[in-house]
Amino acid sequence: MVVDNKAVITYVQIQKEDLAVFRIVPKEGDVPQYKSGQFITLGTHVPSENKIIRRAYSIASHPENRKYVELYIRWVRKPLPGRLTTQLFSAKEGDEIIWVKPTGAFTIEEKKPNGEPDNRRIVCLGGGTGLAPFVSYAQHLHDTGSNREIVVLHGASYVDELGYRDLLTKMEEESLDRGKNKWNFRYRASISRPQEWFNRSWNGQKGRVETFLQSKDGESSPLEKLVGEKITIDNTVFFICGWQGTIDGCMDVLTPKGFVTERNKRPDKSFEIKYESYG
Ligand SMILES: Cc1cc2nc3c(=O)[nH]c(=O)nc-3n(C[C@H](O)[C@H](O)[C@H](O)COP(=O)(O)OP(=O)(O)OC[C@H]3O[C@@H](n4cnc5c(N)ncnc54)[C@H](O)[C@@H]3O)c2cc1C
Ligand SMILES: NC(=O)c1ccc[n+]([C@@H]2O[C@H](COP(=O)([O-])OP(=O)(O)OC[C@H]3O[C@@H](n4cnc5c(N)ncnc54)[C@H](OP(=O)(O)O)[C@@H]3O)[C@@H](O)[C@H]2O)c1
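Just so we're clear, the structure is a prediction, and the values are computed from it rather than from any experiment.

1. As for the sheet that holds strand S8 (residues 150–156)
- Taken in spatial order, the 6 strands of this open sheet run S10-S9-S8-S7-S11-S12, and their pairing is parallel. Taken across any chain shown, the strands that pair with only one partner, and hence form the sheet edges, are strand S10 (205–206) and strand S12 (273–277).
- In this sheet, strand S9 (residues 185–191) lies alongside S8 in parallel orientation, the contact comprising 7 bridges. By the bridge assignment, Leu153 is partnered in S9 with Arg188.
- Sheet strands in contact with helix H2 (residues 132–143) are strand S7 (121–127), S8, S9 and strand S11 (236–242), and its direction is about 155° off that of S8.
- Seen against the sheet, helix H3 (residues 165–178) touches S8 and S9 and runs at an angle of roughly 140° to S9.

2. Brief notes about the domain arrangement of the protein chain
- Domain annotation of the protein chain identifies domain 1 (5–103) and domain 2 (121–277).
- The straight-line distance from the C-alpha centre of domain 1 to that of domain 2 is 25 Å.
- Contacts between domain 1 and domain 2 engage 16 residues on the former and 15 residues on the latter.
- Among the elements that make up the side of domain 1 that touches domain 2, the one with the highest residue count is strand S5 (residues 69–74) (4 residues).

3. Describing the site of ligand 1
- For ligand 1, the set of nearby residues contains 22 residues, the closest of which are Ala56, Gly82, Arg83, Leu84 and Thr85.
- Within the residue set of the shell around ligand 1, elements represented by two or more residues are strand S4 (51–58), S5 and helix H1 (83–88).
- When residues of the shell around ligand 1 are assigned to their parent elements, the largest contribution, 5 residues, is made by S4.
- A class-by-class count of the residues in the shell around ligand 1 yields 13 nonpolar, 4 polar and 5 charged.
- Here the shell around ligand 1 spans two domains, and each of domain 1 (5–103) and domain 2 (121–277) adds at least three residues to it.

4. Focus on the site of ligand 2
- Taken together, the neighbourhood of ligand 2 is formed by 26 residues, with Gly128, Ser157, Ser192, Gly245 and Tyr278 sitting nearest.
- Elements that contribute at least two residues to the shell around ligand 2 include exactly H2, S8, S11, helix H5 (244–254) and S12.
- The biggest single contributor to the shell around ligand 2 is H5, with 3 residues.

5. Digging into the environment of Phe271
- By the element assignment, Phe271 lies in the loop between H5 and S12.
- For the pair Phe271 and Phe212, spaced 59 residues apart in sequence, the C-alpha to C-alpha distance is 21 Å.
- Setting aside chain neighbours within four positions, we find Phe271 in contact with Val260, Thr261, Glu262, Lys265 and Arg266.

Cut-off values and rules
Within any chain, residue numbers begin from 1 and follow the written order of that chain's sequence. Note on labels: chains are lettered from A, ligands numbered from 1, in written order. Confidence filtering applies because this is a predicted model: local features only for residues at pLDDT of at least 70, side-chain atom pairs given and counted only at 80 or more, and all residues used for totals across whole chains, interfaces and linings. One requirement defines pairing of two strands: DSSP has to find at least two bridges between them. Here a helix means four or more residues in a row that DSSP labels H or I, a strand means two or more in a row labelled E, and each is numbered from the N terminus. Two residues qualify as a contact pair if the distance between their C-beta atoms, derived from the backbone, is within 7 Å. Interaxial angle, 0 to 180 degrees, is taken between N-to-C directions of lines fitted to C-alpha atoms, where a helix line uses only the stretch in contact. Domain delimitation in this document rests on an assignment produced automatically or drawn from a domain database. By definition, a residue lies near a molecule or strand when the C-beta atom built from its backbone is within 6 Å of it. Just so you know the grouping, Ala, Val, Leu, Ile, Met, Phe, Trp, Tyr, Cys and Pro go in nonpolar, Asp, Glu, Lys and Arg go in charged, and all remaining residues, Gly too, go in polar.

See the structure below:
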């Protein structure tokens, strides 16, 4: 049975008209326990339907942060205004919202199925708000003193949709300063509409986020150039989040290289890809 709880929206940072970071704090009791990569369900009463509408949102904050739960949310407006997000984007700090306890299996595996520690590089590909779980992964590994390599790749249509860019850039700078043996983190972004005037300042990776995996004429892919070696099932695990098209675009490259998903794991239960999508 679904148990609804109440929280207060304590902070809203509007990134642009239809994109924002929200923080919620339970009205009673502590911030719930969760693992990086899990989602929380938010609910609001929708008067026109006279019922509570509940939707899942990946948690962008990390479990070590006991102050609030942070979410990175797009206001869905087409073809019709989304029911929950339309209410959320007209909410004020101090308003109440319903939440259901975090759950989900989009979490980092610390061990391989044979029980050995899994020390392979973690590569995260997030399309749009699909970045949210990876902000949590990065902060979690950072705050627990892990030196497991993690690469966060974010794809957005416009430069002003590169949420968490400052935080992730600072985390990469810290990795360069302290050394990879202490904190091993990389962040890169890609802009999928580089020809548009608004994106004229962009001189980084162009195309959707999956272009980081693609190689031309047998050359190394942008990801391989970044990490300095060929990506194989023995050195890398992938986490992908966003539109189903983003998942499919990544799978088109990774499947021929022998990577398999958790959902299609091998008889020995091994796999190298976890993904989560809305579509
Ligand atoms: C595990 C998980 C994690 C997620 N994490 C995030 C996250 O971190 N951030 C985020 O922004 N989103 C996330 N989502 C998506 C989120 O759960 C919602 O689906 C999204 O916010 C839309 O909810 P809504 O109630 O506003 O829209 P809905 O009312 O559910 O509408 C959904 C779509 O249907 C269309 N629609 C609605 N009614 C009709 C109709 N009558 N006819 C035709 N079309 C219609 C709307 O225009 C919209 O495109 C996640 C989803 C999952 C499953
Ligand atoms: N845990 C989860 O399951 C989870 C968490 C967060 C978000 N999500 C979901 O992730 C999706 C991202 O939404 P958003 O509004 O943040 O994204 P968005 O800003 O519309 O798009 C982000 C990037 O994805 C590309 N893209 C758009 N549609 C695509 C498609 N069909 N196939 C491949 N790439 C596509 C865009 O490229 P163009 O510029 O070319 O359009 C852009 O580069 C939503 O479906 C959201 O609900 C899921």
